[in-house]
Amino acid sequence: MKKFGKERGIAIWGPLDPPEKLGIRGTYVAVDWDICEGCGVCLEVCPVHMYEWMETLGHPTSEIKAFPVRELDCVQCYTCENKCPVQAIRITFGGVQGWDRLVVLLMFLQIIGGVVYGALFGPYFGLEIPLYVGWIVLVVSLPFFFSPQIYYPKKGKPRKEKSFIDTTALVDSGTYGIVQHPQILGGILMMSASILISQHWLAAIIGVPISVW
Ligand code: SF4
Ligand code: SF4
């Protein structure tokens, strides 16, 4: 569809012919206002209160619509998409956005740098027990970090011919039965392992704030 500008920072997709034809609001959480009946289910079920009401006087289907005002806060639980009685919602993973990209880059540099340093030169302080614990933590972190790749293709029932990340079912078994975001836990464990293996102050200065964040 063609983009017709923005409303409160949210994209409007057309064709448009208001008040009868209002098109779609949102990109990552896209709501088809020409289908939306204003039932309120999506506002009730969203765990991050992403939606707000907007008035659409004169529209034949309903005169209030769900507006995806904070679409970048969406955690892709797909509840609204699955519960909408008229299938007016389509969720798309928007990828890592804004400052998160810098943090993810620093995280990978910390992990790779610390582990390679420790493997090549040995731990900075030469402490053996933390070194061994670090390698164990690194191994334990792997199934958590690669949880999407392990569980989404089967349990998440991704849409046909789409990426495995485009799931249609909630995954709550395996590592997802232990923690809501296993990949984040895996990242924290990897950064901890990098600190223990390298025992270098630089790994700690980068890894500890990112883990807390
Ligand atoms: S659940 Fe669907 S029909 Fe109901 S308000 Fe939300 S988008 Fe509209
Ligand atoms: S997918 Fe989940 S988090 Fe995202 S808007 Fe829908 S209910 Fe909210």
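Residues numbered from 1 in each chain as written. Chains lettered and ligands numbered in written order. Predicted model: local features only at pLDDT ≥ 70, side-chain atom pairs only at ≥ 80, totals over all residues.

**Q** For this particular structure, what's the right way to read the overall build of the protein?
**A** Along the backbone of the protein there are 7 helices and 7 strands. Against the compact-globule benchmark of 17 Å for 213 residues, the protein has a radius of gyration of 22 Å, which places it well outside the compact range. Overall, the C-alpha framework of the protein stretches about 75 × 30 × 30 Å when taken along its three principal axes. Classification of the 213 residues of the protein by burial places 30% in the buried group. By sequence separation, contacts in the protein at least 24 residues apart represent 56% of the contacts at least 6 residues apart. (Helix = DSSP H or I, 4+ residues; strand = E, 2+ residues; numbered from the N terminus. Rg over C-alpha atoms; globule rule 2.2 N^0.38 Å. Buried ≥ 20, exposed ≤ 12 C-beta atoms within 10 Å, placed from the backbone. Contact = placed C-beta atoms within 7 Å.)

**Q** Teacher, can you tell me more about the environment of Phe108 here?
**A** Mapping Phe108 onto the fold places it in helix H3 (residues 99–121). When the C-alpha atoms of Phe108 and Met190 are compared, they prove to be 9.2 Å apart, with 82 residues separating the residues in sequence.

**Q** Explanation requested: the site of ligand 2 in the structure shown.
**A** Close contacts around ligand 2 come from 15 residues, with Cys46, Met50, Cys74, Cys77 and Cys80 the closest. A class-by-class count of the residues in the shell around ligand 2 yields 12 nonpolar, 2 polar and 1 charged. (Near = placed C-beta within 6 Å. Nonpolar A, V, L, I, M, F, W, Y, C, P; charged D, E, K, R; others polar.)

**Q** Teacher, can you tell me more about the site of ligand 1 here?
**A** In the region of ligand 1, 14 residues are neighbours, and Cys36, Cys39, Val41, Cys42 and Cys84 sit closest. Counted by class, the shell around ligand 1 contains 11 nonpolar, 2 polar and 1 charged residues.

**Q** Would you take a moment to explain the nonpolar core for this structure?
**A** Residues Val29, Val31, Cys42, Tyr51, Ala66 and Ile89 are the most contacted members of the largest nonpolar core, which totals 19 residues. For this core, the elements supplying multiple residues, two or more each, are strand S4 (29–32), strand S6 (64–67) and strand S7 (89–91). Sort the elements by how many residues they give to this core and S4 lands first, with 3 residues. Val115, Phe144, Phe145 and Leu196 belong to the second-largest nonpolar core, a separate cluster that totals 17 residues. (Core = buried A, V, L, I, M, F, W, Y, C linked by C-beta atoms within 7 Å.)

**Q** Quick question: what am I supposed to make of the domain arrangement of the protein here?
**A** Quoted interface sizes are often the accessible area lost when the parts come together. Split into domains, the protein comes out as domain 1 (2–91) and domain 2 (99–212). Of note, the centres of domain 1 and domain 2, computed from C-alpha atoms alone, are 35 Å apart. (Domains from an automatic or database assignment.)

**Q** Even after reading the chapter, I still don't get helix H6 (residues 182–198), so can you show me in this structure?
**A** Counting along an α-helix, one turn takes 3.6 residues, and residues three or four places apart therefore face a common direction. Taking 1.5 Å per residue as the helical rise, H6 with its 17 residues ought to reach 24 Å, and the 24 Å between its terminal C-alpha atoms agrees with that figure. With 14 of its 17 residues buried, H6 lies for the most part within the structure. Just past H6, the residue Gln199 takes up positive phi, approximately 55°. (Expected span 1.5 Å × (residues − 1).)

**Q** I tried to follow the sheet that holds S4 on my own but got confused; where do I start?
**A** Either a parallel or an antiparallel arrangement is found when strands of a sheet pair, and the pairing is made through backbone hydrogen bonds. As summarised here, the arrangement of the 5 strands in space is S1-S2-S3-S4-S7, forming an open sheet in which the pairing is antiparallel. In the strand order of this sheet, the two ends are held by strand S1 (2–7) and S7, each with one partner. The pairing of S4 with S7 spans 3 bridges and is classified as antiparallel. Paired with Val31 across the two strands is Ile89, which belongs to S7. (Pairing = 2+ DSSP bridges.)

**Q** Help me understand the packing of H6 against helix H7 (residues 201–212), please; the structure alone is not making it clear to me.
**A** For any two helices packed against each other, the geometry is given by the interaxial angle and the distance between the axes. Taken N-terminus to C-terminus, the directions of H6 and H7 make an angle of 160°; their axes are 9 Å apart at the nearest point. As judged from the angle between their axes, H6 and H7 are roughly antiparallel. Taken as a pair, H6 and H7 cross one another with a handedness that is left-handed. Together, Ile188, Met191, Ser192, Ser194, Ile195 and Ser198 of H6 and Ala203, Ala204, Gly207, Ile210 and Ser211 of H7 make up the contact between the two elements. (Axes fitted to C-alpha atoms, helices over the stretch in contact; angles between N-to-C directions. Parallel < 35°, antiparallel > 145°, perpendicular 65-115°, else oblique. Left-handed = near helix turned anticlockwise from the far one by under 90°.)

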